[in-house]
Amino acid sequence: MIYTVTLNPAFDMTVYLDQLVKGDVNRSIKSLIDIGGKGINVSKVIKSLGGESIVLGFLGQENRGNFIKQLDRLEIKHDFIYVEGETRTNIKLVENKFGIFTDINQKGFGITIEDIDKLFEKIKYYARQGDIFVLSGSLPEGADNNIYFELIKLLKDIGAITILDADGEALKNGLLAKPDIVKPNINELRMIMDFKDDLNSIASVGKKLISQGIEKAVISMGDNGAFYVTRDKILYAYPERVEVKSTVGAGDAMVASIAFGESKNMEDEEVFRLAVSSATASIIEEGTKSPKLENINKLMKKIKIERWM
Ligand SMILES: Nc1ncnc2c1ncn2[C@@H]1O[C@H](COP(=O)(O)OP(=O)(O)O)[C@@H](O)[C@H]1O
Ligand SMILES: O=P(O)(O)OC[C@H]1O[C@](O)(COP(=O)(O)O)[C@@H](O)[C@@H]1O
């Protein structure tokens, strides 16, 4: 089974404007609200791919109703630990005039030591050898920066496969536990390592991650494409030019495809093709909507992948 663990989920409010004028009253053209947060999006995309997953993590008590309703509507199984306070609302601004995408991600609820204990107990209850655990997103206040490190250690001892997608200290510490797969975007990678801007230097960073004991590193670079690095190869995917409606969730679509591909024992190149196709199909959807399977399938035939090394 695939499990996604989201410690800090969110409602994503996407606001479309012509142009943001700072310090002035701005009026939106339209806005929409989707349930989000990294693992939640991963589960949504796994569903679109025809797979099954179970959503774990924390959810704010106070506004849980709508969140749960949407997950149920999508027929995604979930088993949250409900915590005091509200699940955050993250603002995603889209300026149509310039094609600028700005995210304002809030801090969200705080959690207690008891909440964290409950999470570890729940994960111990579910995890079995061969399961896939996606650990992704920012940490709520009260969670130690070592939490992904501890969870990966626990899951590796059980024999589960771990996929990490985080940033800052949580990513840095999590990597020390050697997750099987990591999917940083270029900005997340820059927060924890120094490297030059050119593709060769970025590919070398991927190799460095592998030399540290990580099995696969997928480095996403927005409109510059992506690398897929394993012990014996580096693959590069060219970006596909599409009409971009919202970049939110592209990385999550990649992670979902990687988890789905692993669960089906797909070959590396096939997984990578699916990951880039899903990510590209996600940016042509508005808000934090899952990509459509028919668009993913069309893109699978178009995405250009080459062996870098
Ligand atoms: N503007 C874009 N044009 C074409 N492809 C894109 C664009 N933005 C994202 N992608 C695709 O989606 C993948 C993930 O996007 P990225 O922005 O790197 O992830 P994240 O959402 O984690 O920041 C990229 O590697 C690329 O394949
Ligand atoms: O937990 P964080 O780092 O604040 O990120 C949460 C945000 O990331 C998203 O999951 C989107 O992530 P990606 O664009 O990286 O795929 C949004 O749904 C959510 O608002």
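In this text, all values refer to a predicted model and were calculated from it rather than measured experimentally.

Caption draft 1: Main features of the packing of aromatic side chains. A full pass over the atoms with the stated rule returns 11 aromatic pairs. Taking the centre distance of 5.4 Å and the plane angle of 50° together, the rings of Tyr-3 and Tyr-126 count as tilted. Here Tyr-3 is found in strand β1 (residues 2–6), whereas its partner Tyr-126 is found in helix α3 (residues 113–126), with 123 residues between them in sequence. Relative accessible area serves as the criterion here: at 18%, Tyr-126 is assigned to the buried category. With a centroid separation of 5.2 Å and an interplanar angle of 75°, the aromatic rings of Phe-11 and Phe-67 are classed as edge-to-face. In this pair, Phe-11 is assigned in strand β2 (residues 10–17) and Phe-67 in helix α2 (residues 64–73), connecting sequence segments 56 residues apart. Neither Phe-11 nor Phe-67 differs from the other in exposure class; each is buried. An aromatic cluster is present here, built from Tyr-3, Tyr-125, Tyr-126 and Phe-133 joined pairwise through their rings. Between the NZ or CZ atom of Lys-30 and the centre of the ring of Tyr-16, over which it lies, the distance is 5.4 Å.

Caption draft 2: Representation of the packing of helix α1 (residues 38–48) against helix α8 (residues 250–263) in the model. Remark: α1 packs on α8, axes separated minimally by 8 Å, with the N-to-C direction vectors making an angle of 55°. Taken together, the axes of α1 and α8 are oblique relative to one another. Between α1 and α8 lies a crossing whose hand is right-handed. Residues Lys-38, Asn-41, Val-42, Val-45 and Ile-46 of α1 touch α8, and the partners they reach there are Asp-252, Ala-253, Val-255, Ala-256 and Ala-259.

Caption draft 3: Main features of unusual backbone geometry. If you check the backbone angles, Glu-75 has positive phi at about 60° while not being a glycine. Along the polypeptide, Glu-75 turns up in the loop between α2 and β5 (77–83). Owing to a relative accessible area of 58%, Glu-75 belongs among the exposed residues under this scheme. Its identity is not glycine, yet Asn-265 carries a phi of approximately 50°, on the positive side.

Caption draft 4: Region of the structure containing the site of ligand 1. Taken together, 16 residues form the shell around ligand 1, and within it Lys-183, Asn-185, Ser-220, Gly-222 and Gly-251 come nearest. Between ligand 1 and Asn-185, the relevant distance is 2.8 Å, taken from an oxygen atom to a side-chain nitrogen or oxygen of the residue. At a separation of 2.9 Å, an oxygen atom of ligand 1 approaches a polar backbone atom of Gly-251. When residues of the shell around ligand 1 are traced back to their parent elements, those giving at least two are α8 and α9 (268–283).

Caption draft 5: Seen up close, the UniProt feature "domain: Carbohydrate kinase PfkB" (unreviewed entry) in the protein chain. In the numbering used here, UniProt assigns the "domain: Carbohydrate kinase PfkB" (unreviewed entry) feature to residues 8–291. For the annotated span residues 8–291, helix accounts for 37% and strand for 24% of the residues, and the straight-line distance between the end C-alpha atoms is 22 Å.

Caption draft 6: Representation of the pattern of salt bridges. If you walk through the whole model with that rule in mind, you get 18 salt bridges. Residue Glu-52 pairs with Lys-77 through a salt bridge whose shortest N-O separation is 3.6 Å. Within this pair, whereas Glu-52 is found in the loop between α1 and β4 (53–60), its partner Lys-77 is found in strand β5, the two being separated by 25 residues in sequence. Notably, a salt bridge pairs Lys-233 with Asp-232, separated by 3.3 Å at the nearest N-O pair. Lys-233 sits in the buried class, given a relative accessible area of 15%. With a relative accessible area of 55%, Asp-232 lands in the exposed category.

Caption draft 7: Summary view of the sheet that holds strand β3 (residues 30–36). Here 4 strands make up an open sheet; going across it, the order is β3-β2-β6-β7 and the pairing mixed. Whereas interior strands pair on both sides, the edge strands pair on one side only; in this sheet they are β3 and β7 (100–104). The average undirected angle you get between the axes of adjacent strands in this sheet is 20°. Two strands pair when backbone bridges link them, and β2 and strand β6 (residues 88–95) are joined in this way by 8 bridges, in the parallel orientation. Looking across to β6, one finds that Leu-17 is bridged to Glu-95. The sheet contacts of α2 involve β2 and β3, and relative to β3 the element is tilted by about 80°.

Caption draft 8: Main features of the site of ligand 2. Surrounding ligand 2, one finds 17 residues, the nearest of these being Asp-12, Asn-90, Ser-138, Gly-249 and Asp-252. The separation between an oxygen atom of ligand 2 and a polar side-chain atom of Asp-12 is 2.5 Å. Note that an oxygen atom of ligand 2 is positioned 2.9 Å from one of the side-chain N or O atoms of Asn-41. Surface burial for ligand 2 is 88%, taken as the share of its 480 Å² of free accessible area covered by protein chains. Looking at the shell around ligand 2, the elements with two or more residues in it are α1, β6 and α8.

Caption draft 9: Focus on the pairing of strand β12 (residues 226–229). Burial along β12 is two-sided: the face carrying Ala-226 and Tyr-228 and the face carrying Phe-227 and Val-229 are both buried. Pairing analysis gives 4 bridges linking strand β11 (residues 216–220) to β12, with the strands arranged antiparallel. For Ala-217, the partnering residue across the bridge sits in β12 and is Val-229. Hairpin connection from β11 to β12: 5 residues lie between these consecutive antiparallel strands, with Gly-222 at a positive phi of about 55°.

Rules and cut-offs
- Residues numbered from 1 in each chain as written.
- Chains lettered and ligands numbered in written order.
- Predicted model: local features only at pLDDT ≥ 70, side-chain atom pairs only at ≥ 80, totals over all residues.
- Heavy atoms only, no water.
- Phe/Tyr/Trp six-rings, centres within 6.5 Å; stacked < 30°, edge-to-face > 60°.
- Helix = DSSP H or I, 4+ residues; strand = E, 2+ residues; numbered from the N terminus.
- Buried < 20%, exposed > 50% of the residue type's maximum accessible area, 1.4 Å probe, protein only.
- Lys NZ or Arg CZ within 6 Å of the ring centre and 35° of its normal.
- Axes fitted to C-alpha atoms, helices over the stretch in contact; angles between N-to-C directions.
- Parallel < 35°, antiparallel > 145°, perpendicular 65-115°, else oblique.
- Left-handed = near helix turned anticlockwise from the far one by under 90°.
- Contact = heavy atoms within 4.5 Å.
- Near = heavy atom within 4 Å.
- Polar contact = N/O pair within 3.5 Å; in protein donor to acceptor, adjacent residues only side chain to side chain.
- UniProt positions renumbered as here; feature names shortened; annotations may be inferred.
- Salt bridge = Lys/Arg side-chain N within 4 Å of Asp/Glu carboxyl O.
- Pairing = 2+ DSSP bridges.
- Areas by Shrake-Rupley, 256 points an atom, 1.4 Å probe, with all protein chains shown as cover.

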